[in-house]
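Below are the chains, spelled out letter by letter.
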Amino acid sequence: MATKIVVDPVTRIEGHLKIEVTVDSVGGEQQVVDARATGTLFRGLEKILVGRDPRDAQQITERICGVCPVSHGMAATKTLDDAFGATVPENARIMRNLVLGANYLQSHVLHFYHLTALDFVDGPNMAPWRPSWKTDHRLDQATNDLLVDHYLQALDIRRKCHEAGAIFGGRLPHPPAYIPGGFTKAPTATDIADFHLYMNELIPFIDNVYIPDVLLVADVYADYFSIGTGHGSLLSYGVFDEDASGSDKLLARGRIASGSGTVLPVDTAQIKEEVISSWYSAPAGGEHPSVGTTEPVYPKEGAYSWLKSPRYSQAPYECGPLARMTVNGDYTGAVSVMDRHKARALEARKVAAAMVRWVDELDPAAPVYDSCSVPAGGTGEGLTEAPRGALGHWLRVESGEIASYQVITPTCWNVSPTDERGGHGPVEQALLGTPVQNEKEPVEVVRVIHSYDPCLSCAVHVMRPDGGSGIVSFEAI
Ligand code: NFE
């Protein structure tokens, strides 16, 4: 008999996500045979921006999320640079990278230790490790204890990541330093020395604790290298500009279609957001974000999510560290739950090593800002990579004010609902075929979801007050 399992809310993510899966017998094994991902909040930040001074955009969009505000600051500032025709001094380019890098490290450590490790680790009999599911814990007591120690150590490391980023960003989260045409901070020799002191602690943690722990868990749960495989289509806008033009990046722009292994160019004109399964109105075929709208319609026949469905040439794409590292040629594994965890940890090492190089490229005597001003009209596109994947902002200015602003977040790519062709979003697709040992504790389902590190706060906002309740509910269908 098929069973429907509803996990609502999915915990240990950012924001509010409901997952419904149908489990049935396939070849004698209980497996997920259908999946639906629902963002249960409406964001509406785009509507708040309309009519404002464009220079407010980076301050307001950083408030989309407390976990990746730096990425929204970076995307908004790039959007404004583009719309204003601004040039950006080298010092500003580097400090933008350094603060974003610090946020990457904080976010990746957060994800492994504090969001996903408890899917695998059996912690002590106390909060926050209890209550917990008991299904499929495979680590021995010594390994569990070690990982709990590292869970605590990781809290301190995350604080240090924030402090390192605040040296240049002013504060973390929500750094005020990202401005069109540059950065607000003038770096000093002391700042550079202080930043090195932090990196001298962060890099050994990544090398000696974080990466070994991920490899250890991956070894014990090696079957997760073939679970959560999804469409195999990967997208990266590229991130961490290595020169003023932005054409050279630490992690390159590119995409891989359906596991082909060939890295293809990215043309953002091919992106459209469809809403057939979302509580919004938009024309059939979807809208390009440069002319996109945010018009909520609730209830709506056939809709089940506050996330839209971004598609590239009508195809769903997974984004995140695995996409970036694969597109860049740094990761040569496959696409699965454990490949996502491994690629994220290895990316932390790559970004940290680059941060040490960048900070020494700062010149305390050089400028941090080139003057620019708000145009009467124009458009801007700002592409970057948040820790969780491809992030784009699109702006139209009229009469010196924001006439339109659209944001497509990584989680919107990953957790999007079905599109006009009936195609699943990446997380929904990755859930199909997932074995489920115990339908009352569907830990395998949660492991697949967590491997994407979803952030529904980024993807949506503002809670619907009449939502249902309950952690997990079951019904026979
Ligand atoms: Ni709220 Fe975010 C990241 C962005 S995910 S964490 O990383 O953009 O959609």
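Residues numbered from 1 in each chain as written. Predicted model: local features only at pLDDT ≥ 70, side-chain atom pairs only at ≥ 80, totals over all residues. Heavy atoms only, no water.

Colleague: Describe in detail the site of the ligand, supporting the description with residues and values.
Modeller: Neighbouring the ligand are the residues C65, C68, H72, A386, P387, R388, L391, T409, P410, T411, C455 and C458. The separation between an oxygen atom of the ligand and a polar side-chain atom of R388 is 2.8 Å. At a separation of 2.9 Å, an oxygen atom of the ligand approaches a polar backbone atom of T411. Taken together, the residues that form the shell around the ligand break down as eight nonpolar, three polar and one charged. (Near = heavy atom within 4 Å. Polar contact = N/O pair within 3.5 Å; in protein donor to acceptor, adjacent residues only side chain to side chain. Nonpolar A, V, L, I, M, F, W, Y, C, P; charged D, E, K, R; others polar.)

Colleague: So what's going on with helix α8 (residues 337-359)? Residues and values would help.
Modeller: When the terminal C-alpha atoms of α8 are compared, their 33 Å separation across 23 residues agrees well with the 33 Å that a helix rising 1.5 Å per residue should span. Capping of α8 at its N-terminal end is provided by S336; its side-chain oxygen lies 3.4 Å from the backbone amide nitrogen of M338. (Helix = DSSP H or I, 4+ residues; strand = E, 2+ residues; numbered from the N terminus. Expected span 1.5 Å × (residues − 1).)

Colleague: Summarise the side chain of E14; cite the residues concerned and give the values.
Modeller: Relative to the helices and strands, E14 is located in the loop between β1 (3-7) and β2 (17-26). Each residue touching E14, except ones within four places of it in the same chain, is listed here: V67, L110, L115, R388, D453, P454, C455, L456 and S457. (Contact = heavy atoms within 4.5 Å.)

Colleague: I'd like a description of the packing of helix α3 (residues 69-84) against helix α4 (residues 90-116), backed by residues and values.
Modeller: Their axes nearest at 9 Å, the elements α3 and α4 cross at an angle of 150°. It follows that α3 is roughly antiparallel to α4 by the angle criterion. Regarding α3 and α4, the two cross each other, and that crossing is left-handed. Side by side, α3 and α4 meet where V70, S71, M74, T77 and D81 of the first sit next to R96, N97, V99, L100 and N103 of the second. (Axes fitted to C-alpha atoms, helices over the stretch in contact; angles between N-to-C directions. Parallel < 35°, antiparallel > 145°, perpendicular 65-115°, else oblique. Left-handed = near helix turned anticlockwise from the far one by under 90°.)

Colleague: With reference to specific residues and values, describe the pairing of β2.
Modeller: Side chains on a regular strand alternate between the two faces of the sheet. For β1 and β2, the ladder comprises five bridges, and the chain directions are antiparallel. Each bridged residue has a counterpart across the sheet, and for V6 the counterpart in β2 is E20. As judged from the 10 bridges shared by β2 and strand β3 (residues 29-39), these two strands associate in the antiparallel manner. Within the sheet, the bridge partner assigned to I19 lies in β3 and is A37. Where β2 hands over to β3, the hairpin turn is made up of two residues, of which G27 adopts a positive phi near 60°. (Pairing = 2+ DSSP bridges.)

Colleague: Any details on the state of the cysteines? Residues and values, ideally.
Modeller: For the coordinates displayed, the defined rule picks out zero disulfides. Cysteine C319 remains unbridged, with the sulfur of C412 as its closest cysteine sulfur at 9.7 Å. (Disulfide = S-S within 2.5 Å.)

Colleague: Which residues make up unusual backbone geometry, and what values go with them?
Modeller: Look at the link from D8 to P9: it is a cis peptide, with omega at 0°. Here P9 lies in the loop between β1 and β2. Here the amide bond leading from L172 into P173 is cis, since omega sits at -5°, within 30 degrees of zero. For P173, the position within the fold is in the loop between α5 (141-169) and β4 (178-179). The phi torsion at H174 lies on the positive side, around 55°, for a residue other than glycine.

Colleague: An account of the environment of G85 is needed here, citing residue identities and associated values.
Modeller: With respect to the secondary-structure elements, G85 resides in the loop between α3 and α4. Between the C-alpha atom of G85 and that of Q270, which follows or precedes it by 185 residues, the distance is 24 Å.

Colleague: Could you give an account of the pattern of salt bridges, naming the residues involved and the relevant values?
Modeller: Counted under the stated rule, the structure contains 35 salt bridges. The partner of R63 in a salt bridge is E62, with the nearest N and O atoms 4.0 Å apart. On the accessibility criterion, E62 (0% relative accessible area) is buried. A salt bridge links D81 to R96; the nearest nitrogen and oxygen atoms lie 2.9 Å apart. Here the residue D81 occupies a position in helix α3, and R96 occupies one in helix α4, the gap between them amounting to 15 residues. Taken individually, D81 and R96 each receive the classification buried, so the pair is uniform in this respect. Linked through salt bridges whose partners overlap, the residues forming this network are D156, R159, K160, E163 and E201. (Salt bridge = Lys/Arg side-chain N within 4 Å of Asp/Glu carboxyl O. Buried < 20%, exposed > 50% of the residue type's maximum accessible area, 1.4 Å probe, protein only.)

Colleague: So what's going on with the side chain of T3? Which residues, and what values?
Modeller: Relative to the elements of secondary structure, T3 occurs in strand β1. Within the local environment of T3, its side chain forms a polar contact with the side chain of E439, the two groups lying 3.2 Å apart.

Colleague: Give me the lowdown on the packing of aromatic side chains, citing residues and values where you can.
Modeller: For any pair of aromatic rings, the description consists of the separation of the ring centres together with the inter-plane angle of the planes. Throughout the structure, instances matching the rule amount to 19 aromatic pairs. Between W129 and Y151 the ring centres are 5.0 Å apart and the planes differ by 55°, which places this aromatic pair in the tilted class. A residue pair is termed long-range when its members are at least 10 positions apart, and W129 in the loop between α4 and α5 and Y151 in helix α5 qualify at 22 residues. Here W129 and Y151 have matching classes, each one buried. Above the face of the Y280 ring, K308 is positioned so that its terminal group lies 5.3 Å from the ring centre. The side chain of R340 reaches across the aromatic face of Y452, ending 3.9 Å from its centre. (Phe/Tyr/Trp six-rings, centres within 6.5 Å; stacked < 30°, edge-to-face > 60°. Lys NZ or Arg CZ within 6 Å of the ring centre and 35° of its normal.)

Colleague: Outline the sheet that holds strand β12 (residues 378-386), listing residues and values.
Modeller: The strand order across the open sheet formed by three strands is β12-β13-β14, and the pairing between neighbours is antiparallel. On the outer flanks of this sheet lie β12 and β14 (401-408), each paired with one strand and no other. Mean inter-strand twist for the sheet, computed between neighbouring axes without regard to direction, equals 15°. In this sheet, β14 lies alongside strand β13 (residues 389-398) in antiparallel orientation, the contact comprising seven bridges. Opposite G392, over in β14, you have I408 as the bridge partner. The sheet contacts of α3 involve β12, β13 and β14, and relative to β12 the element is tilted by about 150°.

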